[in-house]
Amino acid sequence: MPKKTSARPRDLVLLEKLWAEPVERYTLPNGLIVLLKRDDSAPVCSVQVWVKTGSIHEGAHLGAGLSHYLEHMLFKGTARRAGREISATVQAHGGYINAYTTFDRTVYYIDVPAEHTAVAIDLLADATLHSTLPAEEVIKEKDVILREIDMCLDDPDQRLSQALFETAFRAHPYRQPIIGHRDVFAASTREDLLAYYRARYVPNNLVVVIAGDFEPAATRAAIMEHFGKAPRVRLAPVLVPDEPVQLSRRDQHLSEDVQVSRAGLGWQIPGLTHPDAPALDLLAMVLGHGDSSILWQSIREKARLVHSIDAMSWCPGTSGLFYISFLADPDKRAAAEAAVLREIVRIANIGVSAAALAKAVRQAVTSEINGRKTMSGQASRLGAGEVVVGDINYTRTYFERLFALTPADLKRVMRTYLVPDKLTAVSSNPTASAPVAGGSSSRETASLDFEEITLPNGARLLLQPNRQLPNLHLRLAFAGGPMFEPADRRGLTSLFATLLTKDTARRSAEEVAQAIETVGGSFHDYSGNNSFGLAAEVLPGDAGLALELMADAVLRPAFRPARLEVERASALAGLKESLDDVVTVGRKAMRAKFFGAHPFAIESGGDEPGLTAIALADLRALHRQLVVSGNAVLAVSGDFDAKQLGPKLKAFLAKLPQGPAAKAAAPLQAKAGDFTETQPRQQAIVFQAFPGPGLHARDYDVSEVMDELFSGMSSHLFERVREEKSLAYFVRSSRIVGLETGLFYFFAGTSPERHGEVIAELNREIARVQGGGVKPEELARCQTRLKAAKRMGLQTNSARAMQTALNAVYGLPVNDWRTYDARIDAVTLADAQAFAQRYFRPDRRVQLVVRP
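In this report, the structure presented in the accompanying data block is examined. Computed from a prediction, not measured in an experiment: that's the story for all the values here.

Now for the layout of surface pockets. Size it by volume and the second largest pocket reaches roughly 1,000 Å³. Residue lining of the second largest pocket: 37 residues in total, with Ile-97, Asn-98, Gly-712, Met-713 and Phe-718 positioned closest to the centre. Breaking the lining of the second largest pocket down by element, the ones donating at least two residues are α2 (66-73), α3 (83-92), β4 (96-101), α5 (135-154), α25 (700-709), α26 (716-724), β20 (728-737) and α28 (776-792). Residue classes in the lining of the second largest pocket are distributed as 14 nonpolar, 9 polar and 14 charged.

What follows is the structure in structure tokens.
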């Protein structure tokens, strides 16, 4: 076992290095605040505009969702640009544009190759300060948002969240949904929207945040040119009422068409700047963060009352909620709630251990580091500090308070806030089981290349030292998935991978979780159509522990009967939970009809008969078959010394049982047809599925371009179906990919009465591409976007390790990023037309409509 030492000195050194990275903050004459953080570790920039307005600032229109409505409308046209020009320009420069709305802010951002930073600044300034809100677009977008509201009404997690907030808050605007109430939103007018825009979208209410590899002088000049000319405007304060003190328990229990029970227990707490906020954050980690947490162990592992449980402290403004949520079988919900409340009382009496506190501190440190992995993450942390807290250096103060906390402080906040009179209990339950209400310095740019080492036993080791951030990621990958499972044991690989992270010959599942979470790391499994494996992420000094846990998992797994039953039940509960999402239900049905007897007919998580049939012997047999040297790839990326860590990694891989790389094949005989299924939902989902190429196909790169062609806000399909005709809230394509075969499908969410029009538009778009109607600028935009997305997708150690490990498992070049741009640029208009003609044939199409 690793020696236990105080983590504080080492962690403080890590954080102080991050805090020492320079951030430039200044204010333009018109009151706009600018935050600039230069980071040359990747040739990427994130340009963000934070507007200090959200759903709680809507005044007389509270509950209308005007902030969210504006978020949708700001890309619909300005005095200089037509709406489609904005998204098209972003994609033409390889960028990604998006926005989100919360209770207290609206954020617009463009992630872009660094050389196009000025373009992103221009676009965001134009959108936020000079939008025209065209009348016809206001009408169209209202229908789109009504579809989005229907999606929320179809989502039991969203319904439960709304029940919690409207019950816990009686006066504060947090009780109103950010998207708005359907009837109130529907009654809003363009005049309401325009008045809100003019009042709140003013320079002295904006913060521009840029992080990345930008040229400072040019960036400052671009900000001044595009944001600095707008005049300062009178900004009237918005009165946000304080929430009165809660005097007694509150309940709301929903009886709905769902498969499993979801429940939440919430207590009112003070806001982020309150001195108790760090203690409440640590308390949430101690109680419900990770598999070694108190509630996970007591309520899930020992009492067997829930399938999952976690805790969080949410306190963005002047008030918030401490929230415990869990998923349970309907007949165990009430018992689970009672058990959680008893555990709260018990811990409030005996307190938490110093070791549990130290583990939570390490988790907080790791979270702080992980938030800086990407340029977007760095910009977001700065924006939150400025807009939410009012101090970009708040994290330093926060961690000073956090490091000073003692177990007595956590006991004190439990006794202060987690008390019966401040409790709000909500739940969502199947109708048949409805419950009764109760109680910056200069840095060397890291290489993206991995060194590939093949061991004598056939195992492969991929190494990429990268000292840009004190973070280390290990990714172990094996070929596997549905192709290697018996037909009556679907989900075997997924369940097997989960069990690898649990009990071993040396540690129990609880001890595994305790070990990794104590150092603020993560250790988890993953599985999919073609592979499975393990991933560990830690601070550099804990590389030995990460490797030890990974080695124990694959070399010494203990498939214990009790653990199998726990994880089987959790997997089955996850399947039931997925049936509450209409898009997932439709995708599963489409997949089954298209693939027929092929193993891909069922998602990698399996189905109820398959999971129920799995026995310990199946797990052991799969371990013997797939966990062998020739089938193993270990990729390591991050802050490590290859000379020191490399021999230890090789020693681990050398211990794997001898065996060849796993291979499997199955014929695909798709049966075309048109199908309709009914679901008790507000919306309809349309699917059109066609055969597609596998990863090894010569035209796989063409499929990459085609998927991009049909997806995104600037795609012809999106513009036609959503922007011009307002037929759907979402419409795009996607793929299910194997090594030798695949599925290319279109899907859209629409109203039940208009699904026929959506089908007609999908057919029209396919015919356009088959007829050679794709324009050169469309193809160029897709190619630029894909190449930029590849670059931005390689920012983190975990992403790089994952991609290179899977490449090796799938028989692709380990460093295929080097040729990716050239391969994408080689795709021609003729290739796109030929692809559509070859694959999108009506006689090979499976069409499915899921509707009320």
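Here the focus is empty space enclosed by the protein. The computed volume of the largest cavity comes to approximately 80 Å³. Considering the residues around the largest cavity, the lining is formed by Leu-448, Phe-450, Gln-464, Leu-794, Arg-800, Gln-803, Thr-804, Asn-807, Val-814, Asn-815, Asp-816 and Trp-817. Its residues assigned to classes, the lining of the largest cavity shows 5 nonpolar, 5 polar and 2 charged. Approximately 40 Å³ is the volume found for the second largest cavity. Of all the secondary structure elements, the ones that give two or more residues to the lining of the second largest cavity are α25 and α28. Sort the elements by how many residues they give to the lining of the second largest cavity and α28 lands first, with 3 residues. Residues that form the lining of the second largest cavity fall into these classes: 2 nonpolar, 5 polar and 3 charged.

Topologically, Thr-416 is positioned in helix α16 (residues 407-417). Taking the C-alpha atoms as reference, Thr-416 lies 9.7 Å from Ala-348; in sequence the two are 68 residues apart. Within the structure, Thr-416 has its side chain in polar contact with the backbone oxygen of Arg-412 (distance 2.8 Å).

On to the sheet that holds β20, then. Spatially, 5 strands are ordered β18-β22-β19-β21-β20 in an open sheet, and the strand pairing comes out mixed. Sheet topology places β18 (673-678) and β20 at the edges, where each strand pairs with a single neighbour. Strand-to-strand twist across the sheet, computed as the mean angle between neighbouring axes with direction ignored, equals 15°. Sheet topology note: the β18/strand β22 (residues 846-851) ladder contains 6 bridges and is parallel. Counted as the bridge partner of Asp-674 is Gln-847 from β22. Of the strands in this sheet, β19 (684-692), β20, β21 (742-750) and β22 touch helix α27 (residues 755-770), which is tilted by about 25° from β19.

Further remarks concern the pattern of salt bridges. Under the defined criterion, the tally for this structure stands at 67 salt bridges. When the shortest N-O distance is used, the salt bridge between Asp-126 and Arg-81 registers 2.7 Å. Placement of Asp-126 in helix α4 (residues 117-130) and of Arg-81 in the loop between α2 and α3 is noted, with a sequence separation of 45 residues between them. This pair shows no difference in class: Asp-126 is buried, exactly as Arg-81 is. One connected set of salt bridges, linked through shared partners, spans Arg-300, Glu-301, Asp-503, Arg-560, Arg-563 and Glu-567.

Within the element layout of this structure, Ala-92 appears in helix α3. In contact with Ala-92, other than residues within four places in its own chain, are Arg-781 and Thr-784.

Turning next to unusual backbone geometry. Glycine aside, the phi torsion of most residues is negative, and most peptide linkages are trans. Phi at Arg-304 takes a positive value of approximately 60°, unusual for a residue other than glycine. Mapped onto the secondary structure, Arg-304 falls in the loop between α11 (294-302) and β9 (308-314). One non-glycine residue, Ser-726, lies in positive phi territory at about 50°. Relative to the helices and strands, Ser-726 resides in the loop between α26 and β20. For Ser-726, a relative accessible area of 7% corresponds to the buried category.

As for its position among the elements, Leu-35 is in strand β2 (residues 33-38). Residues Leu-35 and Tyr-109 lie 74 residues apart in sequence; the distance between their C-alpha atoms is 14 Å. Beyond its immediate chain neighbours, meaning those up to four positions away, Leu-35 contacts Glu-24, Arg-25, Val-207, Val-208, Val-209, Ile-210, Leu-382, Glu-386 and Ile-392.

Another point: α2. Extensive coverage of α2 is indicated by the burial of 8 of its 8 residues. By the burial criterion, the buried members of α2 are Leu-66, Ser-67, His-68, Tyr-69, Leu-70, Glu-71, His-72 and Met-73.

In this model, α28 (17 residues) spans 24 Å end to end at C-alpha, consistent with the 24 Å of a helix rising 1.5 Å per residue. Here α28 has its buried residues at Glu-778, Leu-779, Arg-781, Cys-782, Gln-783, Arg-785, Leu-786, Ala-788, Lys-790 and Met-792.

In this section: the pairing of β21. Burial of β21 is extensive: 9 of the 9 residues sit out of reach of the surface. The alternating pattern of β21 places Gly-742, Phe-744, Phe-746, Ala-748 and Thr-750 and Leu-743, Tyr-745, Phe-747 and Gly-749 on opposite faces, both of which are buried. With 9 bridges joining them, β19 and β21 adopt antiparallel strand pairing. In the strand pairing of β21, Gln-688 is matched with Phe-746.

Cut-off values and rules
- Residues numbered from 1 in each chain as written.
- Predicted model: local features only at pLDDT ≥ 70, side-chain atom pairs only at ≥ 80, totals over all residues.
- Heavy atoms only, no water.
- 1 Å grid on protein atoms, 1.4 Å probe; cavity = no way out; pocket = protein on both sides within 12 Å on 5 of 7 lines; lining within 4 Å.
- Points joined across faces, edges and corners; volume = space filled by probe spheres on them.
- Helix = DSSP H or I, 4+ residues; strand = E, 2+ residues; numbered from the N terminus.
- Nonpolar A, V, L, I, M, F, W, Y, C, P; charged D, E, K, R; others polar.
- Polar contact = N/O pair within 3.5 Å; in protein donor to acceptor, adjacent residues only side chain to side chain.
- Pairing = 2+ DSSP bridges.
- Axes fitted to C-alpha atoms, helices over the stretch in contact; angles between N-to-C directions.
- Contact = heavy atoms within 4.5 Å.
- Salt bridge = Lys/Arg side-chain N within 4 Å of Asp/Glu carboxyl O.
- Buried < 20%, exposed > 50% of the residue type's maximum accessible area, 1.4 Å probe, protein only.
- Expected span 1.5 Å × (residues − 1).

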